[in-house]
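Chain by chain, the residues:
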Amino acid sequence: MTTARPDSVAEKYDAIIRELEEIEARDLLRKPRLIEGPIGPHVTIDGRDTLLLCTNDYLGLTNHPAVKRAAHEAIDSYGAGAGASRLVAGTLSIHEELETALARLKGTETAIAFGSGYLANVGTVSALMRRGDVIYSDELNHASIIDACRLSRATVRIFPHKDTHALEKMLRDDPNFRRRLIVTDGVFSMDGDIAPLPELVRLASEFDCYLMVDDAHATGVVGPQGRGTAAHFGLEGQVDIQMGTLSKALGSYGAFVAGARGLIDYLVNRARSFIFTTALPPASAGAALEALRVLEREPHRRERLWKNAEMLKAGLRSRGFELGMSETFIIPVIIGGARECLAMAETLLENGVFAQAIRPPSVPEGASRLRVVPTGEHNMDDMEFALEAFNRAGKKCGVV
Ligand SMILES: *Cc1c(COP(=O)(O)O)cnc(C)c1O
């Protein structure tokens, strides 16, 4: 039974519904697709077996038997939740074990776990930086970094994507700020290219800045043993703040910041998204810990991911698709308009392939794309199937 709403309430909702309708008219409405069953190389959508090419579960660890078992065991040993924030109720030993393992992966003194990558970025940047400070942020940085910068109230200078000459000029031209931070994605989430870390390290040192790298898409998959972007460039120990997530290649949930003891102690005392939120659930910590062990035990997953990506990129290029500047397994198939991009995604789905249409504001206007990512669990047949589906859909939609 429903009761009539007072007019003021109806009007209040009319306004936001109108806004939604405007978003829909611009082909920018978003609605998550329903996946019936577990995430894997194939998923079930509308009762049909569908090749999944848009998960961040790059190594297939979300459903790895040992990782799932570790999550179960962590629940049995510690419970379903952490009970409170760590400053209120203490650190569980599984949190400490996880942080030790993460610091070892990153080659840093120590590390601190956060509830998510979003929380890690927001908490870290806003703790370190405040009014009177300046942050230099790559124009294609993840939304959580953008929000983090805003929340800090520091002055924010956006530098053109990977343009270290422009950044250097900004650094030179700036009057004296109290503290300076350069922040960048390690692997850019929608383009799949890699930050110019050697140059950024040089600039940070020359201009006395903190350097922060968001390795959400690099942790576990980029660099030797999946140790991340700094390791990829042989720059371990030269990036002050290395953020990473447990939620992508590690197949779990949560995130971390790895760095020097002084930095991490500071974050424990100052990062509001660490202090005022409940600690990571034991299952997430346990799963991530086991995922770190799987990284060492099963390097073939990482190798296969990169091989699949190479095959997909070469095949898509030869079929006439425009791929942007990817240097990794994140493959942007640039379509342009939001409507065309949606049509392409829909046609791909009819052909048995789920690749997500990425539209503004996640990417600039006119740069809508399918963000295509294989995993380390796909095989050659899957890649052939994907290329055939892209070929058919691309022709039908007039993309190629
Ligand atoms: C996914 C992502 C995050 C957020 O991580 P969550 O754990 O999903 O909150 C942060 N930065 C980048 C670059 C990401 O891609």
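The following refers to the structure shown. What you see is a predicted model, and the numbers here were worked out from it, not measured in a lab. (Residues numbered from 1 in each chain as written. Predicted model: local features only at pLDDT ≥ 70, side-chain atom pairs only at ≥ 80, totals over all residues. Heavy atoms only, no water.)

Here we take up the packing of aromatic side chains. Throughout the structure, instances matching the rule amount to four aromatic pairs. Measuring from ring centre to ring centre gives 4.7 Å for tyrosine 58 and phenylalanine 329, while their planes differ by 55°; the resulting arrangement is tilted. In this pair, tyrosine 58 sits in the loop between β2 (48-52) and α2 (65-78) while phenylalanine 329 sits in the loop between α13 (299-318) and β10 (331-336), placing the two residues 271 residues apart along the sequence. Residues tyrosine 58 and phenylalanine 329 agree in their burial class; the two are buried. Centroid distance phenylalanine 321 to phenylalanine 390: 5.5 Å. Interplanar angle 90°. Geometry classified as edge-to-face. (Phe/Tyr/Trp six-rings, centres within 6.5 Å; stacked < 30°, edge-to-face > 60°. Helix = DSSP H or I, 4+ residues; strand = E, 2+ residues; numbered from the N terminus. Buried < 20%, exposed > 50% of the residue type's maximum accessible area, 1.4 Å probe, protein only.)

The next thing to look at is the site of the ligand. Near the ligand lie 15 residues; those nearest to it are Gly117, Asp214, His217, Ser247 and Lys248. Residue histidine 142 places a side-chain N or O atom 3.4 Å away from a nitrogen atom belonging to the ligand. Taking histidine 217, its side chain carries an N or O atom lying 2.5 Å from an oxygen atom of the ligand. Taking 380 Å² as the accessible area of the ligand by itself, protein coverage stands at 86%. Elements supplying a minimum of two residues to the shell around the ligand: α5 (117-128) and β8 (241-245). In terms of residue class, the shell around the ligand is made up of three nonpolar, nine polar and three charged. (Near = heavy atom within 4 Å. Polar contact = N/O pair within 3.5 Å; in protein donor to acceptor, adjacent residues only side chain to side chain. Areas by Shrake-Rupley, 256 points an atom, 1.4 Å probe, with all protein chains shown as cover. Nonpolar A, V, L, I, M, F, W, Y, C, P; charged D, E, K, R; others polar.)

A few words on the sheet that holds strand β6 (residues 180-185). With respect to topology, seven strands assemble into an open sheet ordered β3-β9-β8-β7-β6-β4-β5, the strand pairing being mixed. A strand with exactly one partner marks an edge of an open sheet, and here the two such strands are β3 (110-114) and β5 (155-159). Looking at each pair of strands side by side, their axes are set apart by 20° on average, direction ignored. By the bridge criterion, three bridges tie strand β7 (residues 210-214) to β8 in an arrangement that is parallel. Bridge pairing in β8 places valine 213 opposite glutamine 242. The strands touched by helix α7 (residues 164-173) are β4 (134-138), β5 and β6; relative to β5, the strand with the most contacts, the crossing angle is about 150°. (Pairing = 2+ DSSP bridges. Axes fitted to C-alpha atoms, helices over the stretch in contact; angles between N-to-C directions. Contact = heavy atoms within 4.5 Å.)

This part is about the packing of α2 against helix α12 (residues 282-297). When two helices pack together, their arrangement is given by the angle between the helix axes and the distance between those axes. At their nearest, the axes of α2 and α12 sit 7 Å apart, and the two run at 145° to each other. Handedness of the α2/α12 crossing: right-handed. Here Ala66, Val67, Ala70, Ala71, Ala74, Ile75 and Tyr78 of α2 lie close against α12, whose contacting residues are Pro282, Ala283, Gly286, Ala287, Glu290, Ala291, Val294 and Arg297. Split into classes, the residues belonging to the contact of α2 with α12 amount to 12 nonpolar, one polar and two charged. (Left-handed = near helix turned anticlockwise from the far one by under 90°.)

Let us look at the packing of α13 against helix α15 (residues 380-396). α15 packs onto α13 with a crossing angle of 25° between their chain directions and a minimal axis gap of 10 Å. The angle between α13 and α15 falls in the class roughly parallel. The handedness of the crossing between α13 and α15 is right-handed. Seen from α13, the contacting residues are Asn308, Met311, Leu312, Gly315 and Leu316; seen from α15, they are Met380, Met383, Glu384, Ala386, Leu387 and Phe390. (Parallel < 35°, antiparallel > 145°, perpendicular 65-115°, else oblique.)

Before going further, it helps to spend a moment on the pattern of salt bridges. Counted by the stated rule, this structure contains 24 salt bridges. For arginine 369, the salt bridge is made with aspartate 191, and the minimal N-O distance between the two is 2.9 Å. Separated by 178 residues along the polypeptide, arginine 369 in strand β13 (residues 368-372) and aspartate 191 in the loop between β6 and α8 (197-206) bring together distant segments of the chain. One exposure class covers both arginine 369 and aspartate 191, and it is buried. Measuring nitrogen to oxygen at the nearest pair gives 2.9 Å for the salt bridge that ties arginine 297 to glutamate 290. Glutamate 290 gets classed as buried once you look at its relative accessible area, which sits at 10%. (Salt bridge = Lys/Arg side-chain N within 4 Å of Asp/Glu carboxyl O.)

Its location among the elements puts valine 239 in the loop between α9 (229-232) and β8. On the accessibility criterion, valine 239 (6% relative accessible area) is buried. Taking the C-alpha atoms as reference points, valine 239 and asparagine 63, 176 residues apart in sequence, are found 32 Å from one another. Beyond its immediate chain neighbours, meaning those up to four positions away, valine 239 contacts Leu197, Val201, Leu211, Val213 and Ala230.

This next bit is on the side chain of threonine 347. Along the chain, threonine 347 turns up in helix α14 (residues 338-350). Ignoring sequence-local partners within four residues, the contact set of threonine 347 consists of Ala393, Lys396 and Cys397.

All quantities given are derived from atomic positions and should not be read as evidence of function.
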